[in-house]
Amino acid sequence: MLEKQVTVKCSAGLHARPASKIVEILKKYKGDVYFVSEKKNINCKSMIQLMTAQIKQGDRITIKLNGSDEADELELMKEIIKILDEDLGELKNESGSS
């Protein structure tokens, strides 16, 4: 089991776009993945649970991974943290200009 406490940095929090990215990367992972926030266990393989958790920018959560391969867990932890750190363009002009 691997656990890490992180602060959510994405400006709009955990909404549809980052939640769907998390669910997508977890399709290849056979273990259990939970976010623990305000003493709630949130199943990260459930889009509904991720969306209803109302995790906002600045919230501290604990990511818990429980699988059979520690190397897979470390790589997955990095991917999840990257998603929680990204802005994903929510507040940027998405008209295609660079």
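Since this is a predicted model, take the numbers as computed values, not measurements. (Residues numbered from 1 in each chain as written. Predicted model: local features only at pLDDT ≥ 70, side-chain atom pairs only at ≥ 80, totals over all residues. Heavy atoms only, no water.)

Caption draft 1: Summary view of the pattern of salt bridges. Following the criterion strictly, the structure yields 4 salt bridges and no others. Lys64 is the partner of Glu3 in a salt bridge, and the nearest nitrogen-oxygen pair spans 4.0 Å. Placement of Glu3 in strand β1 (residues 2-7) and of Lys64 in strand β4 (residues 60-66) is noted, with a sequence separation of 61 residues between them. Between Lys21 and Glu86 there is a salt bridge, and its shortest N-O distance comes to 3.1 Å. In this pair, Lys21 is assigned in helix α1 (residues 16-26) and Glu86 in the segment after α3 (70-85), connecting sequence segments 65 residues apart. (Salt bridge = Lys/Arg side-chain N within 4 Å of Asp/Glu carboxyl O. Helix = DSSP H or I, 4+ residues; strand = E, 2+ residues; numbered from the N terminus.)

Caption draft 2: View of the side chain of Ser37. Position of Ser37 relative to the elements: it lies in strand β2 (residues 32-37). Setting aside anything within four residues of it in sequence, one finds Ser37 in contact with Ile42, Ile55 and Ile61. (Contact = heavy atoms within 4.5 Å.)

Caption draft 3: View of the side chain of Asp59. Within the fold, Asp59 resides in the loop between α2 (47-52) and β4. Notably, Asp59 is buried but unbridged: the nearest opposite-charge side chain belongs to Lys56, and the N-O separation is 4.0 Å. Polar side-chain contacts of Asp59 include one of 2.7 Å to the backbone nitrogen of Lys56. When neighbours within four sequence positions are excluded, Asp59 is seen to be in contact with Val6, Thr7, Val8 and Gln54. (Buried < 20%, exposed > 50% of the residue type's maximum accessible area, 1.4 Å probe, protein only. Lys, Arg positive; Asp, Glu negative; His and termini not counted. Polar contact = N/O pair within 3.5 Å; in protein donor to acceptor, adjacent residues only side chain to side chain.)

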